[in-house]
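# Chains, contacts and geometry: an overview
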Amino acid sequence: MTDSLTHLLGIAPLSPAHITSILDLADRYVDLNRRQVKRSDALAGRTQVNMFFENSTRTLVSFEVAGKRLGADVINMAMQTSSIKKGETLVDTALTLNAMHPDLLVVRHPHSGAVELLAQKVNCAVLNAGDGRHEHPTQALLDALTIRRAKGRLDGLTVAICGDIAHSRVARSNLILLQKMGSTVRLVGPPTLVPTGLGADVFHDMETGLKDADVVMMLRLQKERMDGGFIPSEREYYHRFGLDADKMTHAKPDAIVMHPAPMNRGVEIDGELADDLTRSVIQEQVEMGVAVRMAAMDLLMQGRAAKPDGVMV
Amino acid sequence: MSILFENARLIDPATGQDSVGRLRVDDGHITDPGPADTTIDCQGFCLAPGIVDLGVKVCEPGERHKESYKSAGLAAAAGGVTTMVTRPDTVPAIDSPETLTFAMRRAADVCAVNVHAMATLTKGRLGREMAEIGFLQDAGAVAFTDCDAVVADTKILGRALSYVQQLGGLVVGHPQDPGLSDGAAATSGAFATVRGLPAVPAMAERMGLDRDLAMVEMTGVAYHADQITTARALAALDRAKANGLDVTAGTSIHHVTLTEDHVEDYRTFFKVKPPLRSEDDRRAIVQALADGRIDTLSSFHTPQDEESKRLPFEEAASGAVGLETLLPAALSLVHGGAMDLPTLFRALSLNPARRLGLPGGSLAPGAPADLVLFDPDIAFTLDRTKLLSKSKNTPFDGSDMRGRVLGTWVAGQRVFTP
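The structure displayed is predicted, hence computed values, not measured ones.

Basis of the calculations
- Residues numbered from 1 in each chain as written.
- Chains lettered and ligands numbered in written order.
- Predicted model: local features only at pLDDT ≥ 70, side-chain atom pairs only at ≥ 80, totals over all residues.
- Heavy atoms only, no water.
- Helix = DSSP H or I, 4+ residues; strand = E, 2+ residues; numbered from the N terminus.
- Rg over C-alpha atoms; globule rule 2.2 N^0.38 Å.
- Buried < 20%, exposed > 50% of the residue type's maximum accessible area, 1.4 Å probe, protein only.
- Areas by Shrake-Rupley, 256 points an atom, 1.4 Å probe, with all protein chains shown as cover.
- Arc of directions from axis to C-beta.
- Contact = heavy atoms within 4.5 Å.
- Buried area = accessible area lost by both parts, 1.4 Å probe.
- Salt bridge = Lys/Arg side-chain N within 4 Å of Asp/Glu carboxyl O.
- Nonpolar A, V, L, I, M, F, W, Y, C, P; charged D, E, K, R; others polar.
- Phe/Tyr/Trp six-rings, centres within 6.5 Å; stacked < 30°, edge-to-face > 60°.
- Lys NZ or Arg CZ within 6 Å of the ring centre and 35° of its normal.
- Pairing = 2+ DSSP bridges.
- Axes fitted to C-alpha atoms, helices over the stretch in contact; angles between N-to-C directions.

A tally of regular secondary structure across chain A gives 11 helices and nine strands. For 313 residues, the compact-globule formula gives about 20 Å, and the C-alpha radius of gyration of chain A, at 19 Å, lands near that figure. Principal-axis analysis of the C-alpha atoms places the extent of chain A at approximately 55 × 45 × 35 Å. Counting over 313 residues, chain A shows a buried share of 57%. When the accessible area of chain A is evaluated, it comes to approximately 12,900 Å², of which 50% is carbon and sulfur surface.

Below is the structure:
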């Protein structure tokens, strides 16, 4: 076992050993989740608070299900309708919550670095459920678990991440994780949506970008970026960068298709391809999401248990 | 009362002097050496013309809890700053002779150092209507600037520049393309990408400068670029100077001593405007400062309270306090071999005084006895809680620095003793 986790703020601070231990435990939780009685008491008596400063349905439900299956008392705070509206700062909200002695805060925030700021101010474990354009570690971990189960390994693979990379925390976390584990990552998209400086090969067309890829990971194009600002139009984007069966012929014959969902069918991905269970693992990603979150929260709580109360690392 | 400074290492940027000697002060001015009422043995420490800090924010009116004239005056004296040239980006902005007079009266009542005020170029710094430039000049405004609010409408800007030109005034611009820099918290590049921060390309500074310089050529106004922080902007500056335009430029202490990598994990005390740059840019600006292509070096003292900084990086306020750290931070350029002391004080004292038409900045007989005595070598660790500024937002907290002010005199009166 590697040194224990105190927070999960991103993939960047994790070692390959950390990543492997989370994925190994998640594999066990996948089995639990497929049973009729899906119950563990790993987090019994623990209080998990989900603080989402940004709208989300899927991720929030995934964390709620994960916490409940581990026996935690789960509280969802809809931050957009609460004290923030009354002008309370993030740090004050954190201090208020901290005084109620939660064990785990799961936080999503629209600004990069906000979750880290919050983590500095509380005594409990903080799990980043997505901060701005920075990181979304559990998404990268669930993607890694999905890939590992499909391909049997995480090293030596060629993974093409395609679409709106500039605004994507999913892309950043996946890039960091896959490179740490020894795979090659390519970034594919129009120049307006692919930033420089990420330390991966950049491609501006799908044909060369997907050539001989083992994994094709599509990203969601957000509505507000669809017209004029970053791309000329939806239909031009779909024509040049939307994934369909034709473009998939450039990848390896056994390449898998991934998408963090929700999807825009007909914008970044063809609906039929997304539903083709011989190639698409999109539904499996959702399933892995619950297991990975259970594993991450379980390990965080184990890491905390090893330390005396109130000691922050 | 007269004072004789003996055994002083005299640093005079006007002559390039750096040698041990004597300096006599009488009736608020520097005179030829001779007998005096008091003698101060400087023990070989440096005696230089006091710093003329161009672009200090004092938060009166409006946000006195962040910095008052009183606290800023104390901080300035402790930092060897004998003249503060203040910014008008207060709340409300200093855009009318009434507000300017109020601020000047506050300064005169409580500040031991010289204070000269800049006023806005447009009303409310909104870039829509010209401020009362003539009245403001009559009330004592030494320059006109909308600070970091770039006047986007070139028609308005052109008229304002012509108006200032006709009155013989100075405009201080903030070279930045308003479109590209909108919403930015970092400089485009690997750092901003990895941290997921909205960013502005370094080129936006060149674009803003090019535009301003074209307007200067058109109107003939005297223009000072507040902060040049990127290598790319230097060529445009050189060209304008070579073409005989009345143009000078400054830079900030933070941009010559820090880079974007210092921001690390979203440390908001390192959020300044424009954002910190790459190491290549920093080196280029230090070089330009050493060879005189960039004229002035200032603190851009911008007090922010804890509440405005204890926020996610994108939401946090920009700016850093600098009055008390300007000299030790600047001395790191001397210790690092980038320039000598007279060259440093040319940028800190002589050039800003000259550009604003203020006396000072030299040790010549007849110059005002605005002086700073300092030990350039003594090492210390900066503790922000010890700062005299009301706001403690310094990026140098915990840094090992060298250089300490031993005394500050304004018009021959001692205003600081450690």
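Moving on to helix α3 (residues 90-98) of chain A. All names here are of chain A. Buried within α3 we find Leu-90, Val-91, Thr-93, Ala-94, Leu-97 and Asn-98. In an axial view of α3, the angular spread of the buried residues amounts to 160°, which keeps them on one side of the axis. Where the residues of α3 are buried, they touch β1 (47-52), β2 (73-78), β3 (104-109) and α4 (114-119).

With 19 residues of chain A at the interface, the matching set in chain B holds 16 residues. Carbon and sulfur atoms supply 57% of the area that chain A and chain B bury against each other, a total of about 1,400 Å² over both sides. Counting across the interface, chain A meets chain B through zero salt bridges. For the side of chain A that touches chain B, the secondary structure elements donating two or more residues are α3 and α4 of chain A. Classifying every residue of the side of chain A that touches chain B gives six nonpolar, eight polar and five charged.

Further remarks concern the packing of aromatic side chains. Each aromatic ring pair is specified by the distance between its two centres and by the angle formed by the two planes. Under the defined criterion, the tally for this structure stands at three aromatic pairs over all chains. Ring centres of A:Tyr237 and A:Phe241 lie 5.8 Å apart, and the angle between their planes is 35°; on these two criteria the pair is classed as tilted. Of the two residues, A:Tyr237 and A:Phe241 are both situated in helix α8 (residues 234-241); the distance of four residues between them amounts to about one turn of the helix. Taken individually, A:Tyr237 and A:Phe241 each receive the classification buried, so the pair is uniform in this respect. Their ring planes at 90° and their centres at 4.9 Å tell us that B:Phe5 and B:Trp409 sit as a pair that is edge-to-face. Residue B:Phe5 is found in strand β1 (residues 2-12), and its partner B:Trp409 is found in strand β16 (residues 400-410); the two are separated by 404 residues along the sequence. Judged on exposure class, the residue B:Phe5 and its partner B:Trp409 are both buried. Between the NZ or CZ atom of A:Arg293 and the centre of the ring of A:Phe63, over which it lies, the distance is 4.8 Å. Over the ring of B:Tyr266 we find B:Arg195, and its NZ or CZ is 5.8 Å from the ring centre.

Next up on the list: the sheet that holds strand β8 (residues 215-218) of chain A. All names here are of chain A. In space, the five strands of this open sheet follow the order β7-β6-β5-β8-β9, with parallel pairing throughout. Strands with a single pairing partner mark the edges of an open sheet, and in this sheet they are β7 (201-203) and β9 (256-258). Across the sheet, the mean angle separating the axes of adjacent strands is 25° when strand polarity is ignored. The pairing of strand β5 (residues 158-162) with strand β6 (residues 184-188) spans five bridges and is parallel. Bridging from a neighbouring strand, Val-159 pairs with Val-185 of β6.

A separate point is the side chain of B:Thr230. All names here are of chain B. With respect to the secondary-structure elements, Thr-230 resides in the loop between β12 (222-225) and α8 (231-242). Classification of Thr-230 by relative accessible area gives buried; the value is 0%. Ignoring any residue separated from it by four or fewer positions in sequence, one finds Thr-230 in contact with Ala-202, Glu-205, Arg-277, Asp-281 and Ile-285.

Spatial relationships are all this shows, so hold off on functional conclusions.
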